[in-house]
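What follows is each chain in one-letter form.
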Amino acid sequence: MCSVYRMGWTRFQIVLSCHLARPQFRGLSTSHFLFGKLLMKNVEHSPTKRMVDITWKDDTSHRYPYIYLRDNCPCSECFFKESGQRLLDVVRDVDINIKPDKVEMSDDGTKLSVAWSDGHVSLLDSDWLFEKRLADEVKPPDFAEVTTRNVVLWGNEIKECIPRLKFHDILSDEEVQFDWLNSLYRYGVMLITDTPVQEGQLDKLGELVGYLRMTAYGKTTLVSTRQKVNSVAYTTYTLPFHSDLPYYECKPGIQMLFCLEQIPTEGGENSLVDSFNVAQQLKKEEPHAYELLTNTHVLFRTKGADILGDYDFEGARPILEVDHLGRLLRCNLNEGTRQCFLGVTADKTQEMYEAYYSFSKRLTDPKNMFLHKLSSGEIVVFDNDRVLHGRTGYTLAEGMGRCLESTYIDWDVARSKLNVLGRKLKKGPVARMDSNLSVVGQWTTA
């Protein structure tokens, strides 16, 4: 039995640890909350420090600078409620040395009223204040964090429990839509089954989420063997692990491959690997190789012609792209379009290739990757920033064919849909960024 998923008859349910939107305090009794709201115990303000000090019922406290509270006042005069956009121009409208004339806490500890020297009055909810709390000190980065997202790493064990959802269920049930995007966000891969075997089904999924990503190859592309080809994808050759379109400055975040026709003979299997999992292995066992792959840019280039005409793309990025705290953002590996390692001297070139070899060989280790041969009507959906994909070679006999339809969705669009569904279905915020640029949220099994 796989520990990652609990399987049902028609849909799966992700077994996740619950990351609550509101932290749970040890030792707090129900007296510290009122109908689920956090309660304030005492409020003071210091004109010399320009701070409002709030003590909570559990005797913890937080400080709020005057300018910070005024800048973030959530009232309808300061924020456009429908979109959450600011109406207040803080530099134009607010004196940086603003101070309150009066600060009052409600008797039940759920509201704070601040009358400002500019005549504005802010009525602040205790939950809002707690959500907007500031740290007293900046904590050092947690270098154990793999990525900015709360992901679950995997090896070949996921093959036995890869999540599967039915195409019709996704289109018709918002709970299933949430499960689809939620699992993709956390695990990076899933299968959609029972899809009508005809073109246009990927458009329906794109419209459900928002819209499909247009590229030089069109909105959707048929990946089949062609007589005249502009990519090895349209041949019968083995394709090594890669992510698509690393030469795009804004690389597509999600890819979908829909099987319209599959060969009955050997070959033509899709290979999949969690590059973040492999990168962690490399970081632990060969830290210098990991450092080279995160610090060295690779030039990617491709040119040709497709339905939108001629194209000529070039872009450079590290194979392992990290943020300012060293956490993985995306893996950019594409042997077919790789040109050269940039800024590497002759003396360091051998060392760079050794790092590249080590990472690439780990990707193909059977413990890290798995093969899945798509059947007609199946769609594999995966995170193009994280899950690398490939294909085993095959031979076409007369009367046989293999045809996949491919398309992309940007993560911005999918995250937006996930948050909208999470709010509508009362599952809590799903993808919110904290002060360390970590994506935090509430993950439920409901």
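Just above, that's the structure.
Please read these numbers as outputs of a predicted model, since none were measured by experiment.

Draft legend 1. Structural view of the overall build of the chain. When helices and strands are counted, the chain shows 10 helices and 29 strands. Across the 446 residues that make up the chain, the buried fraction comes to 48%. The long-range share in the chain, meaning contacts at least 24 apart out of those at least 6 apart in sequence, stands at 71%. Of the accessible surface of the chain, which amounts to about 22700 Å², a share of 51% is contributed by carbon and sulfur atoms.

Draft legend 2. Quick peek at helix H7 (residues 275-285). The set of residues buried in H7 consists of Ser275, Phe276, Asn277, Val278, Ala279, Gln281 and Leu282. Of the surrounding elements, those touching the buried residues of H7 are strand S18 (270-274), helix H8 (287-295), strand S21 (320-322), strand S22 (328-331), helix H9 (346-363) and strand S26 (387-391).

Draft legend 3. A look at the packing of H7 against H8. At their nearest, the axes of H7 and H8 sit 5 Å apart, and the two run at 125° to each other. As the angle between them shows, H7 and H8 are arranged oblique. Mapping the contact onto sequence places Ala279, Leu282, Lys283, Lys284 and Glu285 in H7 and Pro287, Ala289, Tyr290 and Leu293 in H8. When the residues that make up the contact of H7 with H8 are grouped by side-chain class, the tally is 6 nonpolar, no polar and 3 charged.

Draft legend 4. Representation of the environment of His120 in the model. Assignment of secondary structure puts His120 in the loop between strand S11 (111-116) and strand S12 (121-125). Its relative accessible area of 9% is what places His120 among the buried residues. Residues His120 and Cys73, 47 residues apart in the sequence, show an inter-C-alpha distance of 9.7 Å. Discounting residues that sit within four places of it in the chain, His120 has contacts with Arg70, Cys73, Cys75, Glu77, Cys78, Val114 and Ala115.

Draft legend 5. Broad picture of the packing of aromatic side chains. Tallied over the entire structure, the rule returns 11 aromatic pairs. Here Tyr247 and Tyr248 contribute two aromatic rings whose centre-to-centre distance is 5.9 Å and whose plane-to-plane angle is 45°, an arrangement assigned as tilted. A ring pair is formed by Phe341 and Tyr353, whose centres lie 5.2 Å apart and whose planes are at 85°; its orientation type is edge-to-face. Here Phe341 is found in strand S23 (residues 338-341), whereas its partner Tyr353 is found in helix H9, with 12 residues between them in sequence. By relative accessible area, Phe341 is classed as buried at 11%.

Draft legend 6. Broad picture of the pattern of salt bridges. Under the definition given, this model contains 24 salt bridges. Salt-bridge contacts for Arg70 lead to Asp118; the nearest nitrogen and oxygen are separated by 3.2 Å. Note that Arg70 is positioned in helix H1 (residues 66-71) and Asp118 in the loop between S11 and S12, a separation of 48 residues in sequence. On the basis of relative accessibility, which here comes to 4%, the residue Arg70 falls in the buried class. Among the salt bridges present, the one from Arg330 reaches Glu321, with a minimum N-O distance of 3.0 Å. Among the residues examined, Glu321 registers a relative accessible area of 16% and is labelled buried. The network of salt bridges with shared partners includes Lys251, Arg317, Glu321, Arg330 and Asp385.

Draft legend 7. Representation of a nonpolar patch on the surface within the structure. Where nonpolar side chains cluster on the molecular surface, the patch consists of Met214, Ile307 and Leu308 and spans about 340 Å² of accessible area. Of note, Ile307 is situated in the loop between strand S19 (297-306) and strand S20 (309-318).

Draft legend 8. Seen up close, the environment of Arg330. Mapped onto the elements of the fold, Arg330 is located in strand S22. With relative accessibility at 22%, the residue Arg330 sits in the partly exposed group. Put simply, Arg330 and Gly253 are 77 residues apart on the chain and 9.1 Å apart in space, counted from C-alpha to C-alpha.

Reading the values: rules and limits
- Residues numbered from 1 in each chain as written.
- Predicted model: local features only at pLDDT ≥ 70, side-chain atom pairs only at ≥ 80, totals over all residues.
- Heavy atoms only, no water.
- Helix = DSSP H or I, 4+ residues; strand = E, 2+ residues; numbered from the N terminus.
- Buried < 20%, exposed > 50% of the residue type's maximum accessible area, 1.4 Å probe, protein only.
- Contact = heavy atoms within 4.5 Å.
- Areas by Shrake-Rupley, 256 points an atom, 1.4 Å probe, with all protein chains shown as cover.
- Axes fitted to C-alpha atoms, helices over the stretch in contact; angles between N-to-C directions.
- Parallel < 35°, antiparallel > 145°, perpendicular 65-115°, else oblique.
- Nonpolar A, V, L, I, M, F, W, Y, C, P; charged D, E, K, R; others polar.
- Phe/Tyr/Trp six-rings, centres within 6.5 Å; stacked < 30°, edge-to-face > 60°.
- Salt bridge = Lys/Arg side-chain N within 4 Å of Asp/Glu carboxyl O.
- Patch = residues over 30% accessible without salt bridge, like charges linked within 9 Å, V, L, I, M, F, W, Y side chains within 5 Å.

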